[in-house]
Amino acid sequence: MNVKIAYFSMEIALEPGMPTYSGGLGVLAGDTLRAAADLKVPLGAVTLLYRKGYFCQRLDASGWQREEPNEWAVEDFLTELPTRASVTVEGRTVYFRAWQYEVKSAEGFTVPVYLLDTDVPENAAWDRTLTHHLYGGDAHYRLCQEVVLGIGGVRMLRALGHNTIARFHLNEGHAALLTLALLDEQTARDGRNAFTRADVNTVRQLCVFTTHTPVPAGHDKFPLELAMRVLGRKEIPEMQDVFCYDGLLNMTHLALNLSNYVNGVAKKHAEVSRLMFAKYPINAITNGVHVPSWVSPSFAALFDRYIPGWREDNFSLRYAFRIPPQEIWDAHCEAKRRLIEYVNRETNAGMREDRLTLGFARRATAYKRADLFLHDINRLQAIAANTGEFQVVYAGKAHPHDHEGKEQIKRIFQARDALKDRVQIVYLADYNWALGALMTAGVDVWLNTPQPPQEASGTSGMKAALNGVPSLSILDGWWIEGCIEDKTGWAIDPGPVDNDRRTGPDAAALYDKLERVILPLYAKNRQGFIDVMSHAIALNGSFFNTQRMVLEYTLKAYFR
Ligand SMILES: *Cc1c(COP(=O)(O)O)cnc(C)c1O
């Protein structure tokens, strides 16, 4: 197939057995490719191989995280292509190959994915490690990786014969250096030896940029002297307004300057991004999840019976209202049984299937506030004693360098021990795709407590909604759009508060909802609870999916 849209992403979750992703960004990229294949969008993708994988998480008795390597059998999943290409790093030529993966739709349409690999005998020892680790190493290692991804990715696509690409989609700023490769193509075509402002305008027409991070610290940036050492390009200091911000090579600003369509990943996130980057028009395309990948087996069987064609036409999930409530409940109980069996097997916790079960799983990092729920141990004990019992399933990896994220996991272990006589809490190790699927389908309520406005979108609540699991969440990211109070779930909303001092008020608002609304509904009005489940599927499952999302990209960004 001739690729028309080239999708670049630092990480992509392609299969549960391939540790080529760390979390939300990679899962979104994979779900995007799966939906593009379903919709027959002529898209191809570029990423790095990560032969050593993203790490396996082990947790000691105190909850302290240790990382173990996660090597995988590359040859079992991928086909090596004979083509070679190269980039220049610190004046050296670094060669690389590509391994091909095919994302296949049910109808057999394929989206090719090229995973770049510098571990070839032509290279010096250190250069061979450049595509080994996802988010490992220092800024220097990362910049070299981004040279391979961005510049190398364009060169590999050309070497493979993809010469009619109409759009380059930068999924986050990591791949922004692809613009440098496109600028070089432009000058080479005209027989010149340096690019001009006019070339910048030409290349801008080719690029689409999706930003994912509403905090400036989350954006990739590199000191100019490091950029010069690695890239050796005099245009970078000469055109600082294009490449830099505050005197640093800034991948977000480079991507903003070289893209003619820019979007945030939820309406609120686009608003926040417009405040951060006032010079640029920023659109909103709200994230989604790939429906067939995240519906549990029991709900898939139920949808097959009542909503034929739901896999091909995700909008038809709106007909979930047709499904008899008892059958929704039965499908849920089956998904819940699978989760509880897993929990009890892994942890010996003795969790019960008839107890309200809350789930929280995402990257362990400060702004996600995994421990917000545990803010007031006494209040939780009182709710469990006076209103009704509940249990909580946690999971999530901290980035190896994220000390605060690791401390957060330890605090959850401490709270678990403090609460053990009244509220059962488990923290499952090694959160990944398979565990994500088990948890988002198997709990009764999905909990989400980010510090606003830092949750760009969030997607795990969308996976839960598809399985009839309502969210109890802070109003941030996608939940501002997805929450219809008492219909699709519940907002944790303390009213107007000082954003720096919102932990207490947020926790109190959460406890109030749990105590006054959710526990009574679950225990005393099962029909009412199932009604919320139906609405979660019909209103949110039918919309917050990557089929709708890729259609939006296609209409607004790719072919306009
Ligand atoms: C869906 C998913 C994520 C992203 O979750 P958010 O809600 O966006 O934070 C991260 N990791 C895994 C394994 C997932 O399946």
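Further up the page is the structure itself.
Quantities reported herein were computed from a predicted structural model and do not represent experimental measurements.

Can you walk me through the sheet that holds strand E16 (residues 390-395) in this structure?
Strand pairing in a sheet takes place through backbone hydrogen bonds and is either antiparallel or parallel in direction. Strands sit in the order E17-E16-E15-E18-E19-E20 across an open sheet of six strands; the sheet is parallel. Strands at the two margins of the open sheet, each flanked by one partner only, are strand E17 (424-428) and strand E20 (489-492). The mean inter-strand angle of the sheet, taken between neighbouring strand axes irrespective of direction, is 20 degrees. Contacts from helix H17 (residues 433-442) reach strand E15 (356-361), E16, E17 and strand E18 (445-448), with the element oriented near 160 degrees to E16.

Help me understand unusual backbone geometry in this model?
A negative phi angle is the norm for most residues apart from glycine, just as the trans form is the norm for most peptide bonds. Going from Pro452 to Pro453, the amide bond is cis rather than trans, its omega being 0 degrees. Relative to the assigned elements, Pro453 resides in the loop between E18 and helix H18 (460-466). Phi at Lys40 takes a positive value of approximately 60 degrees, unusual for a residue other than glycine. Looking at the secondary structure, you find Lys40 in the loop between helix H1 (24-38) and strand E2 (43-48).

Is there a simple way to explain the pairing of strand E3 (residues 56-59) in this structure?
On a regular strand, one side chain projects to one face of the sheet and the next to the other, so that they alternate. Pairing of E3 with strand E4 (residues 65-68), which is carried by four bridges, proceeds in the antiparallel orientation. Bridge pairing in E4 places Gln57 opposite Glu67. Taken together, E3 and the strand that follows it, E4, pair antiparallel across an intervening segment of five residues, in which Gly63 is found at a positive phi of about 95 degrees.

Help me understand the site of the ligand in this model?
Around the ligand, a shell composed of 13 residues is seen, among which Arg362, Lys368, Thr459, Ser460 and Lys463 lie nearest. Arg362 is positioned such that a nitrogen or oxygen atom in its side chain is 2.9 Å from an oxygen atom of the ligand. The separation between an oxygen atom of the ligand and a polar side-chain atom of Lys463 is 2.6 Å. Contact with the protein chains covers 95% of the free accessible surface of the ligand, which is 400 Å². Mapped onto the shell around the ligand, the elements with two or more residues apiece are H1 and H18. Looking at the shell around the ligand residue by residue, the class counts come to four nonpolar, six polar and three charged. Split by domain, the shell around the ligand shows at least three residues from each of two domains, domain 1 (5-288 + 549-558) and domain 2 (291-544).

Parameters at a glance
Residues numbered from 1 in each chain as written. Predicted model: local features only at pLDDT ≥ 70, side-chain atom pairs only at ≥ 80, totals over all residues. Heavy atoms only, no water. Pairing = 2+ DSSP bridges. Helix = DSSP H or I, 4+ residues; strand = E, 2+ residues; numbered from the N terminus. Axes fitted to C-alpha atoms, helices over the stretch in contact; angles between N-to-C directions. Contact = heavy atoms within 4.5 Å. Near = heavy atom within 4 Å. Polar contact = N/O pair within 3.5 Å; in protein donor to acceptor, adjacent residues only side chain to side chain. Areas by Shrake-Rupley, 256 points an atom, 1.4 Å probe, with all protein chains shown as cover. Nonpolar A, V, L, I, M, F, W, Y, C, P; charged D, E, K, R; others polar. Domains from an automatic or database assignment.

Such coordinate-based values are descriptive only and should not be taken to indicate function.
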